[in-house]
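Chain by chain, the residues:
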Amino acid sequence: MSPPAPDIDAATETGRDKPVPYGPVPCAPAFGARGEDRMTIDQVPANRRLVEELYAHGYLTTAARQAALEFLNPRDQWTLWISRLLLVVGSALALSGVVYFFAFNWSQIPPIAKFASIQIGIVAAVGAASVWGLTRTHGQVLVVGASVLVGVFLAVFGQVYQTGADAFELFTAWSVLILGWSVISNFAPQWALWLAVTNVALGLWWRQAALPTEEMAFLIYAYLALLNGMALAVREWGALRGVDWIARRWTRVLLTIATLLALLVPASTLVMADDPTTSMLVAGIMGLIGHVVLYSAYRHLLPDAWAVSATVLSGCLVLDAAAYRILSSALGDNTAATWLSLGLATLVIFATAMVYLRSIAPKLKAAHD
Amino acid sequence: MKLDPRTTVAIGLTVAILVLFNISIIDREKTISNGKTLFLELAPVDPRSLMQGDYMRLRYVVEDSVPDGVLKEHEKRGYLVLRGDSANVARFVRVHDGESLEQEARLVRFHRQFGRIRIVPDSFFFQEGHGELYEDAQYGMFRFDERGRYLLVGLADTNRVPIEP
């Protein structure tokens, strides 16, 4: 979204020559306004190029140009950006420093000191977050730090007291313990951490505790797709209701990728399987339906060119798997012919998808704006 | 200072987490100080997985005492009944089937993968670079509390003397 057009009338009051006429009239000749396709001033995008061209043609003084540029790109914007960047990099480095400190001095530190220092870290992080306030980024980042320290504590605990507990127990405990902080954090990175931990816990639980039979093994993808798909649905619902911390663009990107991966693996396995197991059928069909749901959601309900492209490309991979299956059964032992025709099929599938995506992109963009 | 409700909840959760942590620590420390020791003889693992960094894969001799065919195909987790001999070295008694235990019998958990029984914990963590110290380890030292919960507290040499870094 671009900021409102600068008030050119005001800017040219101090100008050297003729003021720009206002209203539905041709703009400065530099815009190439020709006869019939005239633009009104409110259709002209306000950007650096416009300002520079007005200045180049003598419609703006140096001071007015400066004021307009300052208005378009406030000076403090990059300092804000760099401050955020440094905050994130600094927190990440400080946390990894903590991890390396423990790793390097492992046997020199008595267990009680290990536990005490991690707990002091947690108290300090939450304490500082309370002082700063949980509504501010600093406070929220500190809670993420405390959540990471809970994981560090559990890892250290598992190493000091070796009970033979499965790794899924550690991740499940981690997920449960930081859930409360996540609920009150109103901070997307905190939820991203929680979701990552929970995904790992679910995957490990499946392998280490659920111990599925071969018939049921693929059901984990259905669970993972449900978990991440539900998170994506909550994200979209929150965004529609105007919850801005959840409406950040990267949350949709991250959750779409996570959901698509959990849909893509079983869907492509199903289309290639000769004798699919029950769980392959369930998770695979869910994967295929999931692609359709995501596509229609981001094509029509919440138009988003990026999400549609991601879904279509994932769908292309499923189609490619289907193409492999068809070609290899049709051409049998002739592997050279199979792979050559698969290469051609791949080109056709992806090229068609590209042409299609390019054709719908302008509509999606317009709807998104 | 007046705290907003969210901050109050955050602090409450933190207190709960820390209480939970410290109860678990005290619990495990009790097992270590009051528990009874049982030595599980280590089987040589070739090659020992020192390349994996700061831990060692363990295999125990008693794992091989489990007769074939006792376990059904789907039994991937379970307990072995062990009993210490005069030197507190564990001997295999039977696979546990839910029955109540006689005096001095201990339960250890196992996983089964590709038909192989693995008693857990089947790895021992130490600081990177301390691998050489543990190369001559002969026994895994387990400590059992009165409720039957156990911990692997360290490795011991042929004389059942704990190896300290």
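Just so we're clear, the structure is a prediction, and the values are computed from it rather than from any experiment. (Residues numbered from 1 in each chain as written. Chains lettered and ligands numbered in written order. Predicted model: local features only at pLDDT ≥ 70, side-chain atom pairs only at ≥ 80, totals over all residues. Heavy atoms only, no water.)

Draft legend 1. Expanded view of the packing of aromatic side chains. Residue and element names in this part refer to chain A. Per the stated rule, a full pass over the model turns up 17 aromatic pairs over all chains. Considering the side-chain rings of Phe 115 and Phe 153, the 5.2 Å spacing of their centres and the 45° angle between planes classify their relative orientation as tilted. Residue Phe 115 is located in helix 5 (residues 111-132), and its partner Phe 153 is located in helix 6 (residues 137-160); the two are separated by 38 residues in the primary sequence. Exposure remark for Phe 115: the relative accessible area of 2% places this residue in the buried category. With centroids separated by 5.5 Å and ring planes inclined at 80°, the aromatic side chains of Trp 206 and Tyr 223 adopt a geometry described as edge-to-face. Taken together, the residues Trp 206 in helix 8 (residues 188-210) and Tyr 223 in helix 9 (residues 219-240) connect sequence positions 17 residues apart. According to the relative accessible area criterion, Tyr 223 is partly exposed, its value standing at 34%. (Phe/Tyr/Trp six-rings, centres within 6.5 Å; stacked < 30°, edge-to-face > 60°. Helix = DSSP H or I, 4+ residues; strand = E, 2+ residues; numbered from the N terminus. Buried < 20%, exposed > 50% of the residue type's maximum accessible area, 1.4 Å probe, protein only.)

Draft legend 2. Here's a closer look at a nonpolar patch on the surface. Residue and element names in this part refer to chain A. Together, Trp 78, Trp 81, Ile 82, Leu 85, Leu 86, Val 89 and Leu 93 give the surface a local cluster of nonpolar side chains, amounting to about 750 Å² of exposed area. Relative to the elements of secondary structure, Leu 86 occurs in helix 4 (residues 76-104). Owing to a relative accessible area of 56%, Leu 86 belongs among the exposed residues under this scheme. (Patch = residues over 30% accessible without salt bridge, like charges linked within 9 Å, V, L, I, M, F, W, Y side chains within 5 Å. Areas by Shrake-Rupley, 256 points an atom, 1.4 Å probe, with all protein chains shown as cover. Salt bridge = Lys/Arg side-chain N within 4 Å of Asp/Glu carboxyl O.)

Draft legend 3. Structural view of helix 2 (residues 48-56) of chain A. Residues and elements named next belong to chain A. Every buried residue belonging to helix 2 is among Leu 50, Val 51, Glu 53 and Leu 54, and all of these are buried. The buried residues of helix 2 occupy an angular sector of 165° when the element is viewed end-on, so they sit on one face. Within helix 2, the exposed residues directed more than 90 degrees away from the buried face are Arg 49 and Ala 56. Positive backbone phi, approximately 80°, marks Gly 58, located one or two places after helix 2. (Arc of directions from axis to C-beta.)

Draft legend 4. Main features of the confidence of the model for chain A. Averaged over every residue, the pLDDT of chain A is 86; residues scoring 70 or more account for 88%. Of the regions scoring below 50 in pLDDT, residues 1-36 of chain A engages in 42 contacts with residues more than four places distant in sequence or in other chains. (pLDDT = per-residue confidence, 0-100. Contact = heavy atoms within 4.5 Å.)

Draft legend 5. Structural view of the sheet that holds strand 9 (residues 139-144) of chain B. Residues and elements named next belong to chain B. With respect to topology, four strands assemble into an open sheet ordered 3-1-9-10, the strand pairing being antiparallel. Pairing within the sheet leaves two strands with one partner each, and these edge strands are strand 3 (59-60) and strand 10 (150-156). For strand 1 (residues 36-43) and strand 9, the ladder comprises six bridges, and the chain directions are antiparallel. By the bridge assignment, Leu 38 is partnered in strand 9 with Phe 142. (Pairing = 2+ DSSP bridges.)

Draft legend 6. Layout of the packing of helix 2 of chain A against helix 3 (residues 62-72) of chain A. All names here are of chain A. Interaxial distance between helix 2 and helix 3 falls to 10 Å at its minimum, and their mutual angle equals 175°. Relative to helix 3, the element helix 2 is oriented roughly antiparallel. Contacts between helix 2 and helix 3 involve Arg 48, Val 51, Glu 52 and Tyr 55 from the first element and Thr 62, Arg 65, Ala 68, Leu 69 and Leu 72 from the second. Residue composition of the contact of helix 2 with helix 3, by class: five nonpolar, one polar and three charged. (Axes fitted to C-alpha atoms, helices over the stretch in contact; angles between N-to-C directions. Parallel < 35°, antiparallel > 145°, perpendicular 65-115°, else oblique. Nonpolar A, V, L, I, M, F, W, Y, C, P; charged D, E, K, R; others polar.)

Draft legend 7. Layout of the interface of chain B and chain A. Listed as interface residues are 33 residues of chain B and, on the opposing side, 35 residues of chain A. Summing both sides of the interface, chain B and chain A together bury roughly 2900 Å²; the carbon and sulfur share of this comes to 64%. The largest per-residue losses of area from chain B upon contact with chain A belong to Arg 6, Phe 21 and Gln 127 of chain B, which jointly make up 24% of the total buried on that side. Counting across the interface, chain B meets chain A through two salt bridges. (Buried area = accessible area lost by both parts, 1.4 Å probe.)

Draft legend 8. Geometry of unusual backbone geometry. Looking along the chain, the bond that leaves Val 120 of chain B and enters Pro 121 of chain B is cis, with omega of 0°. Within the secondary structure, Pro 121 of chain B is located in the loop between strand 7 (116-119) and strand 8 (123-125). Here the phi dihedral of Asn 186 of chain A falls at roughly 50°; this positive angle occurs in a residue that is not glycine. Along the chain, the position of Asn 186 of chain A falls in the loop between helix 7 (167-185) and helix 8. Relative accessible area serves as the criterion here: at 28%, Asn 186 of chain A is assigned to the partly exposed category.

Draft legend 9. How the structure looks around the layout of surface pockets. All names here are of chain A. Counted as a void, the second largest pocket has a volume near 900 Å³. When residues of the lining of the second largest pocket are traced back to their parent elements, those giving at least two are helix 4, helix 5, helix 6 and helix 8. Among the elements that line the lining of the second largest pocket, the one with the most residues is helix 4, at 10 residues. The class makeup of the residues in the lining of the second largest pocket is 22 nonpolar, seven polar and three charged. Shared between two domains, the lining of the second largest pocket takes at least three residues from each, and those domains are domain 2 (76-181) and domain 3 (212-369). (1 Å grid on protein atoms, 1.4 Å probe; cavity = no way out; pocket = protein on both sides within 12 Å on 5 of 7 lines; lining within 4 Å. Points joined across faces, edges and corners; volume = space filled by probe spheres on them. Domains from an automatic or database assignment.)

Draft legend 10. Up close: the pattern of salt bridges. For the coordinates displayed, the defined rule picks out 21 salt bridges over all chains. With its nearest N and O atoms 3.9 Å apart, the salt bridge here joins Asp 64 of chain B to Arg 116 of chain B. In this pair, Asp 64 of chain B is assigned in the loop between strand 3 and strand 4 (77-84) and Arg 116 of chain B in strand 7, connecting sequence segments 52 residues apart. On the basis of relative accessibility, which here comes to 33%, the residue Arg 116 of chain B falls in the partly exposed class. Of the charged contacts, one joins Arg 94 of chain B and Glu 99 of chain B as a salt bridge, the two residues approaching to 2.6 Å between their closest N and O atoms. You can call Arg 94 of chain B partly exposed: its relative accessible area is 26%. Bridged by salt links that share partners, the residues Arg 235, Glu 236, Arg 249, Arg 252 and Asp 304 of chain A form one connected network.

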